[in-house]
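Each chain, written out:
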Amino acid sequence: MNSMAQPQLDTSPKVSDEVRKTTCYMCACRCGINVHLKEGKVAYIEGNKDHPVNRGVLCAKGSAGIMQVNAPSRLQSPMKRVGPRGSGEFEPISWDEALDIAAGWLEPLRKEAPEKLAFFTGRDQSQSFTSFFAQNFGTPNYAAHGGFCSVNMAAAGIYTMGGAFWEFGQPDWEKTKLFMLFGVAEDHDSNPIKMGLGRLKERGAKVIGVNPIRTGYNAVADEWVGITPGTDGLFILALVHELLKAGKIDLDYLALRTNAPVLVNSDPNSPEYGLFLRDKAGKELVIDKRTGKPAAFDGEGVEPDLGGTHRAKGITHRPVFHMLAERYLDAKYAPEAVAEQCGISAGRIRKIASELARVAFDEAFEIEQEWTDFRGVTHKTMHGRPVSFHSMRGVSAHANGFQTCRALHMLQILLGSVEVPGGFRFKPPYPKPATAHPKPHCKVTKDGPLDGPHLGFVQGPDDLALDENGNPARIDKAFTWENPMSAHGLMHMVISNAYAGDPYKIDTLFLYMANMSWNSSMNTGGVMKMLTDTDENGDYVIPRIIYSDAYSSEMVAYADLILPDATYLERHDCISLLDRPICEADAVADAIRWPVIEPDRDVRGFQTVLVQLGAKLGLPGFTNDDGSAKYEDYADYMVNHMRRPGVGPLAGFRGEGDQGGRGDINPDQLDAYIENGGFWMEHVPDEAMYYKPWNKAYQEWAVKMGFFDAPQPYIFQLYVEPMRKFQLAAEGHGDRQPPDHLREQIKATMDPLPIWYETDQTGNEGYTVHALTQRPMAMYHSWGSQNAWLRQIHGRNPLYVPTKIWRENGFEEGDWAKVSSPHGAITVPVAHMAALNENTVWTWNAIGKRKGAWALEKDAPEATKGFLLNHLIHELLPPKGDGLRWSNSDPITGQAAWFDLKVKIEKVAAPDEALPKMGEQKSPVGTGPKQLKWKVEQ
């Protein structure tokens, strides 16, 4: 018998010489990764199965980290500009010269006018450290990217319930039976959400997606609600209306866990109208059912009464619950009243409300777990409500976003589904009430540090960042009457305000990883002009620009000094409890990145550069008493910095390596993290797992971990009293008064109970189509669309058009359209999409690139067929005829209202490439090869 010769195959090839475990940076999930090395080079990246965030799951972005670390666009060395600003003409310099230049610019400012430094950072994950640098420098002008991302969601969550979605909390994936997403694109928290959705599907739980666009998570939802953009708040309040009407709200939860029973001054003639009734210690008062008399809400054994009123000194005080019921039972919130505006039928709104009620109450359950609440009452069980929600930028990036986010948090609370089994759960170190956070600080002292943290949560007009004349103290006008509760600052307003010298001129703009001349700015053409414009003396209007990035982005060309960052596999990073940790709802955790490979270029991690610059400038916090450098580099800071006694940037392996949360400095701390896979984790005790804001065991554990220095139990704020304080000021009460032109805006928008208001902008007549962007699952930073692997998924971006508009314009495959707004016009390729709100067009964000950037060829599809909607958006609203130009932002927080964009669309002949053409930049790193291959040979 003849036998065929069998090939000799190596079925177990050697993948690597060594595996080093660290944290991914290809999006903000912070997944654990195993980096396989061969001869010191990256050969393969896989998920770390032991990591609490991703449990081994890794997405396309994470795997493509190899191509990120080897991208041709990586900056090679420090550089100083030698041609005109914007030309891209630089010469390489040494780090010594770069730091000398930076210090030479910054030292005189610190001594005479620290506020003339504006230091703003993009999507970095070290904001507790970058803010530490800015505070010690003494400038009030610091913030990160939250002001143009999702501050509405974060701030609304903190003010209402002490935390919000994503990094603050998560659904109870194992116990929820009905999960509802609002405005969530695929890039946010993608691996955990994908894993969670998989677990829901396994158990037969239902998923409802509310989004004008049906992609990603919404595409796998059991039910898709294609809502009209900007009307989510109205839809949510209609659900609240239906639940109240049917009596399907958790009254016990509202009485015990929220300020629904807190008494409110209801006399319109009183200067304290709308404020809480308090005792001498400042505690909010409720009517105690046991006595029928007012009592502090947190008194031992107090049983708050939702219906009790109190009359004192001729004034009647009503509970918040009365006001809430009165407002939302109004017929204007009935499904029939809102259906047309929301694009959702009244019957469907009722059906969703009914489903929420049925699952929350008919499928309620209990866990046999004893716990004691903050009033000293011991409960034998924990009550579950298996309804949960998740939401992100989609509902947040509107001028009514703050109130919409509050409405969604209120909906959860009315169902009793927050911090209970089956509902939404906080991730340590949250929950934290707004009063546990610092207030913003802005007092400048020459040659001294700022008087406290830059960002925080105002509790009334007295906390605004105003100078002695009542003018904005910050260049972005955060924490002013224009945007009183702007907890993350207004990064999108920095350049235009600096250019206008309003409220004052700056000297140096210092940016980190913020592509402000392209996809991170509204009014891109205008911003480029602002960055390059000169005054009557021929000097740049913004005198100096320092920029740090790892890659040759569009923003690089506009800098005077470039401080090149290392990639995420070449530097230390601290994913800290002081900042944006990797915690899960049932565990506290933090993580590090560390140099698993050494840079092959003359670059330094940006945080290390700040450590060195801080020492060179002699900043307190960065120098010892004798003037010597306090820290060698960022790794040294991570280990040896103490924010307060026993609490540092990293919570794990403190003391002798056996302490978590609080503890002494451990010189071997980083080695312990590396040995453990790059992370540290400690589980929440069983009795503290739920009811965290009111659970005595959790509060004591939180003190042990260093979240608080003393227990801070609190109740949810359905009625946010600080907002009423701003309204009172606008009504003429108090010493600190708003300017007259802002009074009506404050009265109308800063309602202490959630409201909805129209965001259609003056000047939009004739522009009737909503235009949105989403980040795709394969991208996150604008980095992603220059990644050789990820470009093959999204190398270009069409404008997706719904069937109705497609047919009205007679579009066919391969057609192009002119899309215009009151601000400008673009000409772009179109594609048909049926699963889309009928009056909405959209595209992927940050795919379009400028020629010459990112080491891409000038005829790359990203530069010829890719485009940005940013060209159509202005940082200021169209003129209203009142002589003022109003910021295109939420009037409460200042969040950029990206998604209020309205356009008109018309079919045009196809140009040779997308319009407008911005001109080619000269690249300081040249152009990459035609094909980028990366394979480590065996």
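Source: prediction; values computed, not measured.

Comments concerning the sheet that holds strand E12 (residues 263-265)
The three strands lie next to each other as E12-E16-E15, forming an open sheet whose pairing is antiparallel. Both edges of this open sheet fall to E12 and strand E15 (310-312), since each of them pairs with a single strand only. Within the sheet, the average angular offset between the axes of one strand and its neighbour, ignoring direction, is 35 degrees. Where E12 and strand E16 (residues 315-319) come together, three bridges link them in antiparallel fashion.

Thoughts on the nonpolar core
Among the nonpolar cores identified, the biggest contains 286 residues, and Met-180, Phe-235, Phe-389, Leu-509, Leu-569 and Leu-799 are the most heavily contacted of them. For Leu-509, the contacting residues outside a window of four places in its chain are Ala-118, Val-494, Ile-495, Leu-531, Ile-542, Arg-544, Ile-545 and Ile-546. Core analysis: the second largest hydrophobic core is formed by 11 residues, Val-184, Leu-197, Leu-200 and Tyr-217 among them.

Comments concerning the pattern of salt bridges
By the definition in use, this model includes 55 salt bridges. Among the salt bridges present, the one from Arg-74 reaches Asp-600, with a minimum N-O distance of 3.3 Å. With Arg-74 in the loop between helix H2 (65-69) and strand E4 (79-81) and Asp-600 in the loop between strand E27 (587-593) and helix H17 (606-616), this pair connects stretches of sequence that are 526 residues apart. Classification of Arg-74 as buried rests on a relative accessible area of 10%. Note on Asp-600: relative accessible area 58%, which makes it exposed. If you follow the salt bridges from partner to partner, you end up with Lys-206, Glu-223, Arg-348, Lys-351 and Glu-355 in one network.

A few points about helix H20 (residues 696-705)
The set of residues buried in H20 consists of Tyr-698, Gln-699, Trp-701, Ala-702, Val-703 and Met-705. In this fold, the buried residues of H20 make contact with E27 and strand E28 (679-683). Sitting at the head of H20, Asn-695 places a side-chain oxygen 2.9 Å from the backbone nitrogen of Ala-697.

Let's talk about helix H8 (residues 232-246)
Over its 15 residues, H8 extends 21 Å from the first C-alpha to the last, a length consistent with the 21 Å expected when each residue adds 1.5 Å. Across the 15 residues that make up H8, a large majority, 13, are buried.

Overview of the pairing of strand E29 (residues 769-774)
Most of E29 is tucked away: six of the six residues are buried. Inspection of the sheet shows E29 paired to strand E34 (residues 902-908) by two bridges, in the antiparallel sense. Within E34, the position partnered with Val-769 by the bridge is Val-903. In this sheet, strand E33 (residues 840-844) lies alongside E29 in parallel orientation, the contact comprising five bridges. By the bridge assignment, Gln-774 is partnered in E33 with Trp-844.

What to know about the environment of Ala-697
Within the secondary structure, Ala-697 is located in helix H20. Linking Ala-697 and Thr-372, residues 325 residues apart in sequence, is a C-alpha distance of 7.2 Å. Ignoring anything within four residues of it in the chain, the contact list for Ala-697 reads Glu-687 and Ala-688.

A short note on the packing of aromatic side chains
According to the stated counting rule, one finds 40 aromatic pairs in the structure shown. Ring centres 5.8 Å apart and planes at 40 degrees place the aromatic pair Phe-119 and Tyr-142 in the tilted group. In this pair, Phe-119 sits in strand E6 (residues 117-121) while Tyr-142 sits in strand E7 (residues 142-143), placing the two residues 23 residues apart along the sequence. Judged by centre distance (5.8 Å) and plane angle (85 degrees), the ring pair of Tyr-253 and Trp-694 falls under edge-to-face. Taken together, the residues span a long stretch of sequence, with Tyr-253 in helix H9 (residues 251-257) and Trp-694 in the loop between E28 and H20 at a distance of 441 residues. By relative accessible area, which is 0% here, Trp-694 ends up buried. In this structure an aromatic cluster arises from ring pairing among Phe-119, Phe-129, Phe-132, Phe-133, Tyr-142, Phe-510, Tyr-512, Phe-606, Phe-622, Tyr-631, Tyr-634 and Tyr-637. Cation over ring: Lys-432 sits above Tyr-430, and NZ or CZ is 5.7 Å from the ring centre.

Observations concerning the packing of H8 against helix H12 (residues 346-362)
Between H8 and H12, whose axes approach to 9 Å, the crossing angle comes to 60 degrees. With respect to their mutual orientation, H8 and H12 come out oblique. The interaxial crossing formed by H8 with H12 has right-handed handedness. Here Phe-235, Ala-238, Leu-239, Glu-242 and Leu-243 of H8 come into contact with H12, specifically with Ile-349, Arg-350, Ile-352, Ala-353, Leu-356 and Ala-357. Here the residues of the contact of H8 with H12 are counted per class, giving nine nonpolar, no polar and two charged.

Observations regarding the environment of Tyr-142
Taking the relative accessible area as the measure of exposure, Tyr-142 reaches 2% and is therefore buried. Distance from Tyr-142 to Phe-120, taken between C-alpha atoms, is 5.3 Å for residues 22 residues apart in sequence. If we skip the residues at most four places from it in the chain, Tyr-142 touches Phe-119, Phe-120, Thr-121, Gln-127, Thr-130, Ser-131, Ala-134, His-454, Leu-455 and Arg-474. At 2.7 Å, the side chain of Tyr-142 forms a polar contact with the side chain of Thr-130.

Structural notes on the sheet that holds strand E9 (residues 178-182)
Spatial ordering of the open sheet is given by E11-E10-E9-E21, a layout of four strands whose pairing is parallel. The outermost strands of the open sheet, each flanked by one partner alone, are strand E11 (223-225) and strand E21 (387-391). When strand polarity is set aside, the average angle formed by the axes of neighbouring strands in this sheet is 15 degrees. Across five bridges, the pairing between E9 and E21 is parallel. Each bridged residue has a counterpart across the sheet, and for Met-180 the counterpart in E21 is Phe-389. Here H8 sits on the sheet and contacts E9 and strand E10 (206-210); the angle it forms with E9, its principal contact strand, is near 150 degrees.

Re the pairing of E6
Counting buried positions over the five residues of E6 gives five, a clear majority of the element. Here E6 shows no split at all, with Leu-117, Phe-119 and Thr-121 on one side and Ala-118 and Phe-120 on the other all buried. As defined by bridge partners, E6 adjoins strand E23 (residues 508-512) across five bridges and the pair is classed as parallel. Directly across from Thr-121, in E23, lies its bridge partner Tyr-512. Direction of pairing for E6 relative to E7: parallel, over a ladder of two bridges. Within the sheet, the bridge partner assigned to Phe-119 lies in E7 and is Tyr-142. Note on the crossover from E6 through helix H4 (residues 127-137) to E7: the handedness is right-handed.

Notes on unusual backbone geometry
For the bond running from Tyr-430 to Pro-431, omega is 15 degrees, close enough to zero to count as cis. On the secondary structure map, Pro-431 appears in the loop between strand E22 (424-426) and helix H15 (494-500). Here Asp-502 and Pro-503 are connected by a cis peptide whose omega angle stands at 15 degrees. Summarising the element assignment, Pro-503 is placed in the loop between H15 and E23. Located in the positive-phi region is Phe-479, a residue other than glycine, with phi close to 60 degrees.

Considering the packing of helix H5 (residues 151-161) against helix H14 (residues 401-414)
Two numbers describe how H5 lies on H14: the axes approach to 8 Å, and their chain directions differ by 45 degrees. Here H14 runs oblique to H5, going by the angle between their axes. For the crossing formed where H5 meets H14, the hand is right-handed. Contact with H5, carried on its side by Asn-152, Met-153, Ala-155, Ala-156, Gly-157, Tyr-159, Thr-160 and Met-161, involves Gly-401, Phe-402, Cys-405, Arg-406, His-409, Gln-412 and Ile-413 of H14 and no other residues of that element. Among the residues making up the contact of H5 with H14, the classes are represented as eight nonpolar, six polar and one charged.

What counts as what
- Residues numbered from 1 in each chain as written.
- Predicted model: local features only at pLDDT ≥ 70, side-chain atom pairs only at ≥ 80, totals over all residues.
- Heavy atoms only, no water.
- Pairing = 2+ DSSP bridges.
- Helix = DSSP H or I, 4+ residues; strand = E, 2+ residues; numbered from the N terminus.
- Axes fitted to C-alpha atoms, helices over the stretch in contact; angles between N-to-C directions.
- Core = buried A, V, L, I, M, F, W, Y, C linked by side-chain atoms within 4.5 Å.
- Buried < 20%, exposed > 50% of the residue type's maximum accessible area, 1.4 Å probe, protein only.
- Contact = heavy atoms within 4.5 Å.
- Salt bridge = Lys/Arg side-chain N within 4 Å of Asp/Glu carboxyl O.
- Polar contact = N/O pair within 3.5 Å; in protein donor to acceptor, adjacent residues only side chain to side chain.
- Expected span 1.5 Å × (residues − 1).
- Phe/Tyr/Trp six-rings, centres within 6.5 Å; stacked < 30°, edge-to-face > 60°.
- Lys NZ or Arg CZ within 6 Å of the ring centre and 35° of its normal.
- Parallel < 35°, antiparallel > 145°, perpendicular 65-115°, else oblique.
- Left-handed = near helix turned anticlockwise from the far one by under 90°.
- Nonpolar A, V, L, I, M, F, W, Y, C, P; charged D, E, K, R; others polar.
- Right-handed = clockwise from strand over helix to strand, strands pointing away.

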